[in-house]
Amino acid sequence: MEHLEELRQRLFRIISFLAVGMLVGWFLALDVYEYLEDLVRRNVAPGVPYEPFFKDLTAAFMLHLKMAFYIGLFVTLPFTVHQLWGFVAPGLRPNERKPFKIVAPVSTVLFFAGSAACWFILPVTVTWLTSFTQEFPNTKMMLEAGSMVFLLIKMILSFGVGFQMPIVVFVLARLEIVTPQAMLKYWRHAVVAVVVASAVITPSGDPLSLAVLAVPLIGLFFLSVYVARWSLRKQREKE
């Protein structure tokens, strides 16, 4: 019951900070939206009419609220990771807790690395997706306002989350739930799993985004396995 009470307190802190982040995001929402919408307009395929619209009276308010939520989620992410770590850490032994100390900083770095990788392919992705409109004569692209912007935001977040895979591999190996030797033995299965996972978490579904996410993750998978194997060997030598 004490552990459940601590979980309740930490979830309350996460929600409270998210609310504060949303309040900050409310005032930044229009600037962020205009910046991303301008990126979309500049990279729509040539000759494709692009007209965002609101479908009902409350749509503009909901768009503003959703933008505030995503900004708040992004701003409070490090605090959320810290709170989750604070809940898990007391239940680990000292030798199990040690590898987790590097999880939070490395996780943050990987998240921003994945987001940066996605950012560089966004213009090409927008152009590629909108170019298919040209295949249908006498048509124009009329999308609900915010749909393209939220697609970009979800892609950035999905790349950031996808780049957490090395952390999962490293922790599983360090806790000896799955050995590095077993991971290397079934590396072909792991590669297929990474490609499938990349296809699932990539909202746009285009092959370019899939490749940009899957290729680095495959490399990070092998790097994580070798780092975990080296770390385990050092630990056993010390013991």
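Before reading on, note that the structure itself is shown above.
Because the structure is predicted, anything quoted here is derived from the model rather than measured. (Residues numbered from 1 in each chain as written. Predicted model: local features only at pLDDT ≥ 70, side-chain atom pairs only at ≥ 80, totals over all residues. Heavy atoms only, no water.)

J.: Account for the packing of helix α2 (residues 59–75) against helix α6 (residues 147–162), with residues named and values stated.
T.: Following both chains from N to C, one finds α2 and α6 inclined at 15°, their axes separated by 12 Å at the closest point. Classified by the angle their axes make, α2 and α6 are roughly parallel. Considering how the two elements wind past one another, α2 and α6 form a crossing that is left-handed. Note on element contacts: α6 touches α2 through Val149, Phe150, Ile153, Lys154 and Leu157, opposite Leu63, Lys66, Met67, Tyr70 and Phe74. Residue composition of the contact of α2 with α6, grouped by class: eight nonpolar, no polar and two charged. (Axes fitted to C-alpha atoms, helices over the stretch in contact; angles between N-to-C directions. Helix = DSSP H or I, 4+ residues; strand = E, 2+ residues; numbered from the N terminus. Parallel < 35°, antiparallel > 145°, perpendicular 65-115°, else oblique. Left-handed = near helix turned anticlockwise from the far one by under 90°. Contact = heavy atoms within 4.5 Å. Nonpolar A, V, L, I, M, F, W, Y, C, P; charged D, E, K, R; others polar.)

J.: An account of the side chain of asparagine 43 is needed here, citing residue identities and associated values.
T.: Mapped onto the secondary structure, asparagine 43 falls in helix α1 (residues 2–43). Its relative accessible area of 15% is what places asparagine 43 among the buried residues. When residues no more than four places from it in sequence are discounted, the contact partners of asparagine 43 are Pro123, Val126, Thr127 and Thr130. (Buried < 20%, exposed > 50% of the residue type's maximum accessible area, 1.4 Å probe, protein only.)

J.: How would you sum up the packing of aromatic side chains? Please name residues and give values.
T.: Under the counting rule described, the total for this entry stands at nine aromatic pairs. Their ring planes at 70° and their centres at 5.7 Å tell us that phenylalanine 69 and tyrosine 70 sit as a pair that is edge-to-face. On the accessibility criterion, phenylalanine 69 (33% relative accessible area) is partly exposed. Each ring, one from phenylalanine 74 and one from phenylalanine 111, has its centre 5.8 Å from the other, and the planes form 45°; the classification is tilted. (Phe/Tyr/Trp six-rings, centres within 6.5 Å; stacked < 30°, edge-to-face > 60°.)

J.: Summarise the nonpolar core; cite the residues concerned and give the values.
T.: The nonpolar side chains of a soluble globular protein tend to be buried, and buried together. Val40, Leu122, Met155, Phe159, Leu217 and Phe221 are the most contacted members of the largest nonpolar core, which totals 37 residues. Of all the secondary-structure elements, those providing two or more residues to this core are α1, α5 (103–130), α6, α7 (165–174), α8 (180–185), α9 (187–201) and α10 (207–238). Looking at which element gives the most residues to this core, the answer is α10, with seven residues. Filtering out sequence-adjacent residues up to four positions away, leucine 122 remains in contact with Leu39, Leu152, Met155 and Ile156. (Core = buried A, V, L, I, M, F, W, Y, C linked by side-chain atoms within 4.5 Å.)

J.: Describe α2, with residues and values.
T.: With 17 residues, α2 extends 24 Å between its outermost C-alpha atoms, agreeing within 8% with the 24 Å of an ideal straight helix rising 1.5 Å per residue. Ala59, Leu63, His64, Met67, Ala68, Tyr70, Ile71 and Gly72 are the residues of α2 that are buried. On its buried face, α2 sits against α1, β2 (141–144) and α6. (Expected span 1.5 Å × (residues − 1).)

J.: Describe in detail a nonpolar patch on the surface, supporting the description with residues and values.
T.: On the surface, Leu23, Trp26, Phe27, Phe61, Met62 and Leu65 cluster together into a nonpolar patch covering about 600 Å² of accessible area. Counting residues per element, the ones that place at least two in the nonpolar patch are α1 and α2. With respect to the helices, strands and loops of the structure, phenylalanine 61 is situated in helix α2. Classification of phenylalanine 61 as partly exposed rests on a relative accessible area of 49%. (Patch = residues over 30% accessible without salt bridge, like charges linked within 9 Å, V, L, I, M, F, W, Y side chains within 5 Å. Areas by Shrake-Rupley, 256 points an atom, 1.4 Å probe, with all protein chains shown as cover. Salt bridge = Lys/Arg side-chain N within 4 Å of Asp/Glu carboxyl O.)

J.: Before we move on, could you go through the pattern of salt bridges and cite the residues and values that matter?
T.: For the structure shown, the criterion picks out five salt bridges. We note a salt bridge from arginine 10 to glutamate 6, for which the minimum N-O separation is 3.2 Å. Highlighted residues: arginine 10 and glutamate 6, both in helix α1, separated by four residues, approximately one helical turn. For the salt bridge of glutamate 37 with arginine 41, the shortest nitrogen-to-oxygen distance reads 3.8 Å. Of this pair, glutamate 37 and arginine 41 both sit in helix α1, separated by four residues, roughly a single helical turn. When its relative accessible area of 6% is taken as the criterion, glutamate 37 is described as buried.

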